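# Secondary and tertiary structure notes
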Amino acid sequence: MKKKIIVIILVIVVLALAAGAWFLFFNKKSQEAEDKSKPLAAPVPVKTVRSWRGDLPLYISSSGKLEAIRVNDYIAEVTGNVNIKVKEGQFVQQGTLLFTIDNPTYQINYEKALLDYKKAYIQYLAISEDVESVEGFAVEQKDLYSDDSEVAKIQQDVVEGLQKGTITRERIKYRLGEQELALKQALENYKKCSIRAPFSGVVGKIAAKQGEYLQAGSAVLSIADITRLRIKAKILVKDINQIREGATAVIFPVVSDEKYTGRVYSVNPLIYDDNSTYAVVELDNRNGDLYPGVFCDVLLQVDLIRDKVLVPKEAVLERDGKKLVFVVKNGLGYWTYVDVGPENYQYIVIEDKLDAGEEVIIEGHYVLNHKAAVTVVNGEDTAAEEE
């Protein structure tokens, strides 16, 4: 009897355990199925733009250093102590005195030449007045002519010219020639002692020390107009026929995250030993953001793909070897497989399966699943990109 009771109790315990195990197992499966069907607890914040229809410029890559288009490197043309009137980095207007060189010899020579010229000019004026008052010269007067027959013949021709009016005041002015030439030479030398800016620009390297005694040929300073800069962008011979004067160029200085736009000014047709040449790119720098000597990456436009649906490159992902974008509809991000076309450094062509005006995710979509809940948190940067 006792054995039967024990057996019954054991059976009941086993059945109870089996029932409990069955309940736990199927309850867990139900919870897992329920969890899989639930969306993410909170929508994922993302940034979006709308696809658009437009033209896509294509580029080739290059590089080069910024240069000032107008640069003057000054050397001392005379000897003497230098007096520098400017400092490095200073902006100077055209005509600003840059430096002087103290050389008394040139100043004395100039002042002497100036006095000699004034004396000769006074004589010229007096002779000119005498000629105008003459009413007929007597060619026979012996005191008018030289004893040398050849010289006398020249003198006779001059007198006859005066009588006939063919020799005027302008011709008499040639008597000043020697003094005028000497004055110009002295003035030119004297100007070498005071150097002024030939154009507006900034002062570059000052090589001379204040008050230093310089020999002719010594470097003094440089001045550069940096309102327009240029880059000699290296190109390969295979690309030379694709580049046209006036084509757009995009410049990326390595010292900043900014980009600048320029134009191809010219293309050097001479090919060097490494099968390369260069295109000269010019860009506006009136705001003074850039400086000569800065290395830049350069994109040179070679083609333009017209009338295509475009999106930013960051909108396109690759999964399982296929290209896709996330399109936002009703707060959900939908996988949309697309065929892509040409691209540049910013945008890519979508050949099909996406229309212009659809909202695509460009940030926050790398971990999204199909139909994931999203919240659009666009800021000013994405608004600017859409424009």
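Keep in mind it's a predicted model, so treat the numbers as computed, not measured.

### Let's talk about the confidence of the model for the protein chain
Predicted confidence across the protein chain gives a mean pLDDT of 82, with 72% of residues reaching 70 or more. Low pLDDT, under 50, characterises residues 134-140; the stretch is placed with 10 contacts to residues that sit more than four places away or in other chains.

### Points about a nonpolar patch on the surface
Among the surface-exposed residues, Val254, Val255 and Phe295 lie close enough to one another that they form a single nonpolar patch of about 290 Å² accessible area. Summarising the element assignment, Val255 is placed in the loop between strand E10 (248-253) and strand E11 (260-267).

### Thoughts on the pattern of salt bridges
For the structure shown, the criterion picks out 10 salt bridges. Two residues, Arg53 and Asp307, come together in a salt bridge whose shortest N-O distance is 3.6 Å. Placement of the pair is Arg53 in strand E2 (residues 52-75) and Asp307 in strand E13 (residues 295-312), with a sequence separation of 254 residues. In this structure Asp307 comes out as partly exposed when scored by relative accessible area, which is 48%. Between Lys238 and Asp239 there is a salt bridge, with the nearest N and O atoms lying 3.3 Å from each other. Residue class for Asp239 comes out buried when judged on its relative accessible area of 9%.

### Comments concerning the packing of aromatic side chains
Applying the stated criterion across every chain yields a total of 6 aromatic pairs. Relative to Tyr347, the ring of Trp52 lies with its centre 5.1 Å away and its plane at 90 degrees, an arrangement referred to as edge-to-face. Here Trp52, found in strand E2, pairs with Tyr347, found in strand E18 (residues 347-352); they are 295 residues apart in sequence, far enough to count as distant. Taking relative accessible area as the criterion, Trp52 reaches 22% and is therefore assigned partly exposed. The class of Tyr347 is buried, set by a relative accessible area of 19%. A centroid spacing of 5.8 Å and a plane angle of 65 degrees characterise the contact between Tyr59 and Tyr345, whose relative ring orientation is edge-to-face. Within this pair, whereas Tyr59 is found in strand E2, its partner Tyr345 is found in the loop between strand E17 (339-343) and E18, the two being separated by 286 residues in sequence.

### Focus: the sheet that holds strand E8 (residues 213-214)
One open sheet holds the 4 strands; their spatial order is E6-E5-E3-E8, and the pairing between them is antiparallel. Of all strands in the sheet, those bounded by a partner on one side alone are strand E6 (194-196) and E8. Pairing analysis gives 4 bridges linking strand E3 (residues 80-84) to strand E5 (residues 97-102), with the strands arranged antiparallel. Counted as the bridge partner of Asn81 is Asp102 from E5.

The rules behind these values
- Residues numbered from 1 in each chain as written.
- Predicted model: local features only at pLDDT ≥ 70, side-chain atom pairs only at ≥ 80, totals over all residues.
- Heavy atoms only, no water.
- pLDDT = per-residue confidence, 0-100.
- Contact = heavy atoms within 4.5 Å.
- Patch = residues over 30% accessible without salt bridge, like charges linked within 9 Å, V, L, I, M, F, W, Y side chains within 5 Å.
- Areas by Shrake-Rupley, 256 points an atom, 1.4 Å probe, with all protein chains shown as cover.
- Salt bridge = Lys/Arg side-chain N within 4 Å of Asp/Glu carboxyl O.
- Helix = DSSP H or I, 4+ residues; strand = E, 2+ residues; numbered from the N terminus.
- Buried < 20%, exposed > 50% of the residue type's maximum accessible area, 1.4 Å probe, protein only.
- Phe/Tyr/Trp six-rings, centres within 6.5 Å; stacked < 30°, edge-to-face > 60°.
- Pairing = 2+ DSSP bridges.

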